[in-house]
Amino acid sequence: MPSLLPELHIISNGTQSMETVLNIFSEIHPFAHALHIREKKWSALDMGLVIEGLIQSGVPSAKIYINDRVDIARAYQVGGIQLGERSLRPQQIKAWSANMRIGRSIHEVRAAQDAKIQGADYAMFGHIFPTESKHNLHSRGILELQSVCRSTDIPIIALGGMTPDRVHMVVEAGANGIAIMSGVMSASDPQRAVKAFLHALQEAFSSNSVT
Ligand SMILES: Cc1nc(C(=O)O)sc1CCOP(=O)(O)O
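The structure displayed is predicted, hence computed values, not measured ones.

What the protein chain contains, in helices and strands, is nine helices and eight strands. Scaling as 2.2 N^0.38, a compact globule of 211 residues should have a C-alpha radius of gyration of about 17 Å, and the protein chain matches this with 16 Å. Taking the principal axes of its C-alpha atoms as reference, the protein chain extends roughly 45 × 40 × 35 Å. Across the 211 residues of the protein chain, 45% fall into the buried class.

Here it is, written out as structure tokens:
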């Protein structure tokens, strides 16, 4: 069932230490809906230790999302898994994880429909605005985001180059939430940053639903 509530996802950036990711996620979890561990260089053991640390710090396992590593997501029964173009398909995972939320990363309109057909619970579309995290790659823009949102009824989470000032544009385009990497993980005060995004998201949703 499509989520009508705004969602705020935070994604680790692949360059920070386990301790830094653990500290930032432990600090910000009350203000975010999903905390993505997207660490292509970490071992399974590293990821497991960080998940255990997060749970010990009081982070609900439902808020922990793992990128690509279905084995780890399953071992820890975390809240969600984020799948890329080269990951297992959603329906292959659904069979043993009825309660795990399955997201699919997409980069074009047609992929949103495929994500739904494949059984994804939501799709993450990006990158919307230019960002250093995707240096020199063409950004999709608001119009393409709008087309993606109109093409499917699964929730669309917009990412890439997000700032609090830009949140209202993506909500008006039809996004059900936002995902942020550098704007929170590289901020001098991650908790302050995430609160600013949450505030912008709630404001944008309430003004969008009354217009
Ligand atoms: C991790 C990631 N994936 C993207 C995609 O388009 O699939 S864009 C992106 C980076 C997110 O950008 P920022 O650091 O500006 O929040």
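Helix-helix packing is characterised by the crossing angle of the two axes and by the distance between the axes. Packing of helix 1 (residues 18–28) against helix 2 (residues 44–56) leaves a shortest axis separation of 10 Å and a crossing angle of 30°. One finds that helix 1 runs roughly parallel with respect to helix 2. For the element pair helix 1 and helix 2, the recorded crossing hand is right-handed. Note on element contacts: helix 2 touches helix 1 through Asp46, Leu49, Val50, Gly53 and Leu54, opposite Met18, Val21, Leu22, Phe25 and Ser26. In terms of residue class, the contact of helix 1 with helix 2 is made up of seven nonpolar, two polar and one charged.

Moving on, we get to the site of the ligand. Neighbouring the ligand are 16 residues, the closest being Gly126, Thr131, Ser133, Met181 and Ser182. Of the residues in the shell around the ligand, the class split is five nonpolar, ten polar and one charged.

Tracing the sequence through the fold places Ile156 in strand 7 (residues 156–159). Taking the C-alpha atoms as reference, Ile156 lies 16 Å from Glu85; in sequence the two are 71 residues apart. Here Ile156 is in contact with Ala112, Ala123, Phe125, Val148, Cys149, Gly174, Ala175 and Asn176, once residues within four sequence places are set aside.

Bringing the packing of helix 5 (residues 109–117) against helix 6 (residues 141–151) into the picture now. Running from N to C, helix 5 and helix 6 point in directions that differ by 30°, and their axes come no closer than 8 Å. Viewed along their axes, helix 5 and helix 6 adopt a mutual orientation that is roughly parallel. Relative to helix 6, the crossing made by helix 5 is right-handed. Contacts from Val109, Ala112 and Gln113 of helix 5 reach helix 6 at Ser147, Val148 and Ser151. Among the residues making up the contact of helix 5 with helix 6, the classes are represented as three nonpolar, three polar and no charged.

Spatial ordering of the closed barrel is given by 1-2-3-4-5-6-7-8, a layout of eight strands whose pairing is parallel. Each strand of the sheet is rotated relative to its neighbour by a mean of 25°, with strand direction disregarded. Along the sheet, helix 5 makes contact with strand 5 (101–106), strand 6 (122–125) and strand 7, crossing strand 5 at roughly 160°.

Compared with the 18 Å implied by 1.5 Å per residue over 13 residues, the 18 Å span of helix 2 between its first and last C-alpha is a close match. Within the span of helix 2, buried status applies to Met47, Val50, Ile51 and Leu54. Down the axis of helix 2, the sector holding all buried residues measures 100°, keeping them to one side. Away from its buried face, by an angle of more than 90 degrees, helix 2 presents the exposed residues Leu45, Glu52 and Gln56.

Moving on to the UniProt feature "domain: Thiamine phosphate synthase/TenI" (unreviewed entry) in the protein chain. As annotated in UniProt, the feature "domain: Thiamine phosphate synthase/TenI" (unreviewed entry) corresponds to residues 31–184 in the numbering used here. Structurally, residues 31–184 is divided into 35% helix and 19% strand, and its ends, taken at the C-alpha atoms, are 12 Å apart.

Right, let's get into the pairing of strand 6. Two faces, one strand: in a regular strand the side chains alternate between the faces of the sheet. Residue alternation in strand 6 divides its side chains into two sets, Tyr122 and Met124 and Ala123 and Phe125, and both sets are buried. Between the parallel elements strand 5 and strand 6, the chain passes through helix 5 in a crossover that is right-handed. In the sheet, strand 6 pairs with strand 7 via three bridges, with the strands oriented parallel. Bridge pairing in strand 7 places Met124 opposite Ile157. Handedness of the crossover joining strand 6 and strand 7 through helix 6: right-handed.

Now for the pairing of strand 3 (residues 64–67). Here strand 3 shows two buried faces, one formed by Ile64 and Ile66 and the other by Tyr65 and Asn67. Relative to strand 3, strand 2 (residues 34–37) runs parallel, the two sharing three bridges. For Leu35, the partnering residue across the bridge sits in strand 3 and is Ile64. With respect to chirality, the unit in which strand 2 leads through helix 2 into the neighbouring parallel strand 3 is right-handed. Once you follow strand 3 into helix 3 (residues 70–76) and on to strand 4 (residues 80–83), the crossover reads as right-handed.

Parameters and conventions
- Residues numbered from 1 in each chain as written.
- Predicted model: local features only at pLDDT ≥ 70, side-chain atom pairs only at ≥ 80, totals over all residues.
- Helix = DSSP H or I, 4+ residues; strand = E, 2+ residues; numbered from the N terminus.
- Rg over C-alpha atoms; globule rule 2.2 N^0.38 Å.
- Buried ≥ 20, exposed ≤ 12 C-beta atoms within 10 Å, placed from the backbone.
- Axes fitted to C-alpha atoms, helices over the stretch in contact; angles between N-to-C directions.
- Parallel < 35°, antiparallel > 145°, perpendicular 65-115°, else oblique.
- Left-handed = near helix turned anticlockwise from the far one by under 90°.
- Contact = placed C-beta atoms within 7 Å.
- Nonpolar A, V, L, I, M, F, W, Y, C, P; charged D, E, K, R; others polar.
- Near = placed C-beta within 6 Å.
- Pairing = 2+ DSSP bridges.
- Expected span 1.5 Å × (residues − 1).
- Arc of directions from axis to C-beta.
- UniProt positions renumbered as here; feature names shortened; annotations may be inferred.
- Right-handed = clockwise from strand over helix to strand, strands pointing away.

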